Amino acid sequence: MTAAVPRPDRPPRALPRLAVAGAPLLEVDDLKTHFRLAGEVVRAVDGVSFRLDAGEALGIAGESGCGKTTTALSLVRLLPANASIVGGSIRLHGIDLATKSDTAIRRYRWREISIVFQGAMNALNPVARVRDQIAEPIVERLGVDARTARRRAGELLELVGIPRARGSAYPHELSGGMRQRAMIAMALACDPAIVIGDEPTTALDVMVQAQILDLLERLRERLGLSLILITHDLSVIAETCDRVLIMYAGRVAEEGPVAQVFTRPRHPYTQKLLAAFPNIQADRRTLDVIPGTPPDLRTPPPGCRFAPRCPLAMAVCSEVVPPEVTFADRVRVACHLYSEGSSGEPVLVPAAATVGRA
Ligand code: SF4
């Protein structure tokens, strides 16, 4: 007998979750993912922690090379051969994915957590029909027969706005927007709790980008999905996400509700990143640039990794890794400008008012 196949639009999940009762959806704690490159270690992700609750959308942003895609690939354990998780945990429903074997992780990938990659033309198999590609993980991971899986693939295509009949097309016969929708349908194939979008709209024109973001938002509401969006585009996060995590050089600089972080950024890197982002509603005619470049992660600076570029750097910044502090509005920041106040609310350290290099 084959397993029951949930309808794609059924909000409560029909499949039993692989879970520890009462555990949060996703808790990443002190994650470290390093690459080996020509005999040297590249600390691409170096102590990243965050949490994702059911139905929540988290955006992860930062400059190229900050570790956001490596973080995403670590979550689904699809790292390149020269990369490995060397520390920390990735608890999904209380189960640590970081310690699972390559074989065991296959029980979780697609079924519990799936990913939509950037550039659907590269991610889809060019010589297989789209419907068959969506049906494949349904057969493999849920153990249903091919005919049922193809029917569900058709339902998923309709769910993402592609006529069922177009499922017989090959990827090159679809537009860029349709291919990206097909990738989203594939990510939903096994009814996962979490979908990660790794720059899911980067290669698309602005109109199609808006349609895809709208689709993700509607799917989140309809299916009760949790989303992690990896992007360098802060406007995508502002439109789509509840919380944002700003990464710099493999570490978390700032994390919190989007409204708070974007209207009152506290970390100097977040402030610079927002100032460098185009805003058509602002009077400014020029964009700020962040001077310098991110550090070489084979030999990162010993203290705050942003110190060589930070206009507010103090002596301590070059020597001591800044501890995280959390404000009452649930924003946490890793910066020596703030310290725990006596009331429990972090305060600006006195030296920060006068010390700076700008
Ligand atoms: Fe880093 Fe210091 Fe600047 Fe804060 S003030 S971002 S700790 S260099």
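Below, the structure is looked at part by part. (Residues numbered from 1 in each chain as written. Predicted model: local features only at pLDDT ≥ 70, side-chain atom pairs only at ≥ 80, totals over all residues. Heavy atoms only, no water.)

## What about the overall build of the chain?
Within the chain, the secondary structure is distributed over 10 helices and 14 strands. Looking at the chain as a whole, 52% of its 358 residues are labelled buried. Across the chain, contacts joining residues at least 24 apart in sequence account for 65% of those joining residues at least 6 apart. When the accessible surface of the chain is split by element, carbon and sulfur atoms take 53% of a total near 16200 Å². (Helix = DSSP H or I, 4+ residues; strand = E, 2+ residues; numbered from the N terminus. Buried < 20%, exposed > 50% of the residue type's maximum accessible area, 1.4 Å probe, protein only. Contact = heavy atoms within 4.5 Å. Areas by Shrake-Rupley, 256 points an atom, 1.4 Å probe, with all protein chains shown as cover.)

## Quick word on the layout of surface pockets
Estimated volume of the largest pocket: approximately 380 Å³. Counting only elements with at least two residues in the lining of the largest pocket, the list comes to strand 6 (113–116), helix 4 (130–142) and helix 6 (176–187). Here the lining of the largest pocket takes five residues from helix 4, the largest share from any one element. Split into classes, the residues belonging to the lining of the largest pocket amount to 10 nonpolar, three polar and four charged. (1 Å grid on protein atoms, 1.4 Å probe; cavity = no way out; pocket = protein on both sides within 12 Å on 5 of 7 lines; lining within 4 Å. Points joined across faces, edges and corners; volume = space filled by probe spheres on them. Nonpolar A, V, L, I, M, F, W, Y, C, P; charged D, E, K, R; others polar.)

## Details of the pairing of strand 4 (residues 83–92)
Pairing analysis gives eight bridges linking strand 1 (residues 26–37) to strand 4, with the strands arranged antiparallel. The partner of Glu27 across the bridge, within strand 4, is Arg91. Turn length for the strand 4-strand 5 (residues 95–96) hairpin, with the two strands adjacent in sequence and antiparallel, is two residues, and the turn residue His93 shows positive phi of about 50 degrees. (Pairing = 2+ DSSP bridges.)

## Description of the sheet that holds strand 1
One open sheet accounts for four strands, arranged 2-1-4-5; its pairing is antiparallel. The open sheet terminates on both sides in strands that have one partner only, identified here as strand 2 (40–52) and strand 5. Pairing between strand 1 and strand 2: nine bridges, direction antiparallel. Bridge assignment links Lys32 to a residue of strand 2, and that residue is Asp46.

## Remarks on the sheet that holds strand 7 (residues 194–198)
The strand order across the open sheet formed by eight strands is 6-7-8-3-9-10-12-11, and the pairing between neighbours is mixed. In this open sheet, the two edge strands, each paired with only one partner strand, are strand 6 and strand 11 (324–326). Within this sheet the neighbouring strands show an average axis-to-axis angle of 20 degrees, counted without direction. Where strand 7 lies against strand 8 (residues 226–230), five bridges are found, and the strand directions are parallel. Each bridged residue has a counterpart across the sheet, and for Ile194 the counterpart in strand 8 is Ser226. (Axes fitted to C-alpha atoms, helices over the stretch in contact; angles between N-to-C directions.)

## Examining the site of the ligand
Taken together, the neighbourhood of the ligand is formed by His267, Pro268, Cys304, Phe306, Ala307, Cys310, Leu312, Ala313, Cys317, Cys335, His336 and Leu337. More than half of the atoms of the ligand fall within 2 Å of the grid points belonging to the largest cavity. Considering only residue class, the shell around the ligand consists of 10 nonpolar, two polar and no charged. (Near = heavy atom within 4 Å. Sits in = over half its atoms within 2 Å of the grid points.)

## A look at empty space enclosed by the protein
Here the structure, examined in full by the defined rule, presents two cavities of 30 Å³ or more. Volume-wise, the largest cavity comes out at about 80 Å³. Along its surface, the largest cavity is lined by 13 residues, and Cys304, Cys310, Cys317, Cys335 and His336 are the ones closest to its centre. Looking at the lining of the largest cavity residue by residue, the classes come out as 11 nonpolar, two polar and no charged.

## Notes on the nonpolar core
Core analysis: the biggest nonpolar cluster contains 108 residues, and Leu26, Phe50, Leu188, Ile194, Ile196 and Ile228 have the highest contact counts within it. For this core, the element with the most residues is helix 7 (residues 206–223), which contributes seven residues. Mapped onto the domain boundaries, this core takes at least three residues apiece from domain 1 (120–191) and domain 2 (267–356). (Core = buried A, V, L, I, M, F, W, Y, C linked by side-chain atoms within 4.5 Å. Domains from an automatic or database assignment.)

## As for the packing of aromatic side chains
Summed over all chains, the structure comprises four aromatic pairs. For the pair Tyr248 and Phe306, a centre-to-centre distance of 5.0 Å together with 75 degrees between the ring planes defines the contact as edge-to-face. Separated by 58 residues along the polypeptide, Tyr248 in strand 9 (residues 243–248) and Phe306 in the loop between helix 10 (268–275) and strand 11 bring together distant segments of the chain. Pair check on accessibility: Tyr248 and Phe306 agree, each one buried. When the centroid spacing of 5.4 Å and the interplanar angle of 85 degrees are considered together, the rings of Phe327 and Tyr338 count as edge-to-face. (Phe/Tyr/Trp six-rings, centres within 6.5 Å; stacked < 30°, edge-to-face > 60°.)

## Some points on the pattern of salt bridges
This model, assessed by the stated rule, comprises 18 salt bridges. Close ionic contact of Asp242 with Arg220 constitutes a salt bridge, the shortest N to O distance being 2.9 Å. Linking Asp242 in the loop between helix 8 (234–240) and strand 9 with Arg220 in helix 7, this pair joins segments that are 22 residues apart in sequence. On the basis of relative accessibility, which here comes to 33%, the residue Asp242 falls in the partly exposed class. Look at Arg220 and you get buried, because its relative accessible area is 11%. (Salt bridge = Lys/Arg side-chain N within 4 Å of Asp/Glu carboxyl O.)

These values are about where atoms sit, not about what they do.
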